[in-house]
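Here's the letter readout for the chains.
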Amino acid sequence: MVVEVAIIGGGSTGLMTAYYLAREGVKDIHLFEERYLGFGSTGRCAGGVRASFASDVHVRLMKESISRWLSLREEVSGLEFVQDGYLWLLTTEELVEAHKRLSAYQNSLGVPTRILERDEIREVVPIELNDVLAALYDPMAGKASPLKFLWSVRRRLRELGVAIHEYAPVTNVRISGGRARSITINESKEVEVSGYVVVAAGVWCKDILERIGVKIPLKKDPHHLLVTERYARFIKPLTIHKESGSYIVQHETGSLLIGTEYPVPEDDTTLRYGYLRKAVTIMSKYFPQILSANLLRVWVGYYENTPDHHPIIGTTPNTENIIVATGFSGHGYMMSPIIGEEIKNIILEGKPKLPETKQLRLERFEEGKLLKETAIFG
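Predicted model only: the values in this text are computed from it and were never measured.

K.L.:
Looking at this structure, how should I read the overall build of the chain?
P.N.:
Within the chain, the secondary structure is distributed over ten helices and 18 strands. Taken over the C-alpha trace, the chain has a radius of gyration of 21 Å; the compact-globule value for 378 residues is 21 Å, and the two agree within 12%. Once the C-alpha set of the chain is aligned to its principal axes, its extents read approximately 65 × 40 × 40 Å. Split into buried and exposed, the 378 residues of the chain put 58% on the buried side. Of the contacts made within the chain by residues no fewer than 6 positions apart, 72% connect residues no fewer than 24 positions apart. Counting every atom, the chain has about 15,700 Å² of accessible surface; 47% of that belongs to carbon and sulfur. Of the side chains in the chain, 46 bear a positive and 47 a negative charge, and the two mean positions are spaced by 2 Å.

K.L.:
Can you walk me through the pairing of strand S1 (residues 2-8) in this structure?
P.N.:
Within a regular beta strand, the side chains point alternately toward one face of the sheet and then the other, so they alternate between its two faces. Counting buried positions along S1 gives five out of seven residues, so the element sits mostly inside the fold. Sheet topology note: the S1/strand S11 (residues 189-199) ladder contains six bridges and is parallel. Pairing of Val5 across the sheet is with Tyr196, part of S11. As paired elements, S1 and strand S2 (residues 29-32) share four bridges and run parallel to each other. Residue pairing for S2: Val5 is matched across the bridge by Ile29. In this fold, S1 hands off to helix H1 (residues 12-23), which returns the chain to S2; that crossover is right-handed.

K.L.:
For this particular structure, what's the right way to read the packing of helix H2 (residues 56-75) against helix H8 (residues 332-349)?
P.N.:
A pair of packed helices is captured by two measures, namely the crossing angle of their axes and the spacing between those axes. It is at 8 Å that the axes of H2 and H8 come closest, and there the two elements cross at 90 degrees. In this view, H2 runs roughly perpendicular relative to H8, as classed from their interaxial angle. Listed contacts from H8 to His58, Leu61, Met62, Glu64, Ser65, Arg68, Trp69 and Leu72 of H2 are Tyr333, Met334, Met335, Ser336, Pro337, Ile338 and Glu341. Counted by class, the contact of H2 with H8 contains nine nonpolar, three polar and three charged residues.

K.L.:
Could you clarify how one ought to interpret the domain arrangement of the chain in this entry?
P.N.:
Interface size, as often reported, equals the accessible area lost upon joining of the parts. When cut into domains, the chain gives domain 1 (2-47 + 147-217 + 307-367) and domain 2 (86-139 + 220-305). Buried area between domain 1 and domain 2, both sides added, is near 1,300 Å², and the carbon and sulfur share of it is 57%. Of all residues in domain 1, the largest losses of buried area upon contact with domain 2 belong to Arg44, Ala46 and Val203, amounting jointly to 43% of the total for that side. The interface formed by domain 1 and domain 2 includes one salt bridge. With a closest N to O distance of 3.4 Å, Glu252 and Lys148 form a salt bridge. Joining domain 1 to domain 2, the criterion identifies seven residue pairs in polar contact (both at pLDDT 80 or more).

Reading guide: rules and limits
Residues numbered from 1 in each chain as written. Predicted model: local features only at pLDDT ≥ 70, side-chain atom pairs only at ≥ 80, totals over all residues. Heavy atoms only, no water. Helix = DSSP H or I, 4+ residues; strand = E, 2+ residues; numbered from the N terminus. Rg over C-alpha atoms; globule rule 2.2 N^0.38 Å. Buried < 20%, exposed > 50% of the residue type's maximum accessible area, 1.4 Å probe, protein only. Contact = heavy atoms within 4.5 Å. Areas by Shrake-Rupley, 256 points an atom, 1.4 Å probe, with all protein chains shown as cover. Lys, Arg positive; Asp, Glu negative; His and termini not counted. Charge placed at Lys NZ, Arg CZ, Asp CG, Glu CD. Pairing = 2+ DSSP bridges. Right-handed = clockwise from strand over helix to strand, strands pointing away. Axes fitted to C-alpha atoms, helices over the stretch in contact; angles between N-to-C directions. Parallel < 35°, antiparallel > 145°, perpendicular 65-115°, else oblique. Nonpolar A, V, L, I, M, F, W, Y, C, P; charged D, E, K, R; others polar. Domains from an automatic or database assignment. Buried area = accessible area lost by both parts, 1.4 Å probe. Salt bridge = Lys/Arg side-chain N within 4 Å of Asp/Glu carboxyl O. Polar contact = N/O pair within 3.5 Å; in protein donor to acceptor, adjacent residues only side chain to side chain.

And the structure:
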């Protein structure tokens with residue numbers, strides 16, 4: 001079998017890459033996933049989408065991505081994106097002052113965040129304020145159900161002629177003359193590649209690339225998330241307790257998802273009761289009604305972190321037709337539309353369209369051109 005584009009990874013980045021390529025009329029696009037679509041970070045995330053970051057690169061890319069999320073909900077039947085906002089609860093004077101500066105910075109880049117005083121917060125969420133001094137509100141932000149995204153995009157890709165191969169692990173990439181010539185599926189089946197190989201396999205990109213001598217500074221960062229049974233809808237914005245890194249979001253089904261920062265060893269994906277205790281204790285202080293919701297399940301998914309918490313996008317050194325897209329540090333799902341379109345641009349035009357994407361090359365780590373991001377949580 002000969003394919004034009006081989007995409008390794010069945011998460012949001014791989015799917016969006018396939019979508020934008022197929023929409024441009026590219027044929028023989030094949031996507032290979034080791035397990036099932038969304039098995040990695042996409043299927044385990046909370047579905048938040050925002051441009052309220054603290055780096056120019058993230059803010060500008062996410063403004064573009066939100067624009068595409070709005071288009072996608074019209075283009076792809078069943079995909080939902082709602083702009084219910086983000087709300088950052090601030091419980092110290094230092095956090096309030098820092099977020100006043102952050103809001104001014106975001107406003108300068110066209111993101112309409114604003115500081116809410118205590119009496120304004122209750123107009124946005126039904127909250128017990130307790131020690132909350134103020135909040136940062138981002139009305140541009142929103143959420144998109146990962147499950148609906150996966151199924152609706154899958155269906156659209158099939159309509160566009162994209163071949164999706166599940167339970168098809170890519171175990172090798174054969175390089176010759178500075179190009180990827182083929183990939184091996186499950187250590188036995190060789191698939192020739194006439195065009196490009198896109199490596200978009202989340203934390204597993206590191207292993208795939210190391211087999212061909214490419215090292216990337218990627219670290220697995222396990223994060224817990226819980227989901228409840230359906231509960232009466234009461235909270236629209238994804239709400240973050242900044243001091244603890246905890247957050248809560250309610251999707252259209254009524255289910256609540258609650259996460260918090262709870263460090264565990266890199267390869268440890270066992271469920272920790274300490275996480276559950278911390279997450280529920282903190283969020284119930286402000287939303288006591290969650291204590292009457294029934295816990296459905298808890299899972300662990302990975303952030304794939306780079307040293308500067310920005311992704312790696314672009315061709316790999318010494319190989320002209322391998323493109324890597326990883327290292328999103330917890331933001332891959334929300335960034336996937338613009339990243340998928342930029343990978344399409346690299347394949348069809350030879351380079352990304354946006355100057356911010358050009359700053360995400362792998363070589364920046366050796367060159368000392370690291371970026372900086374502080375508006376992270378979870």
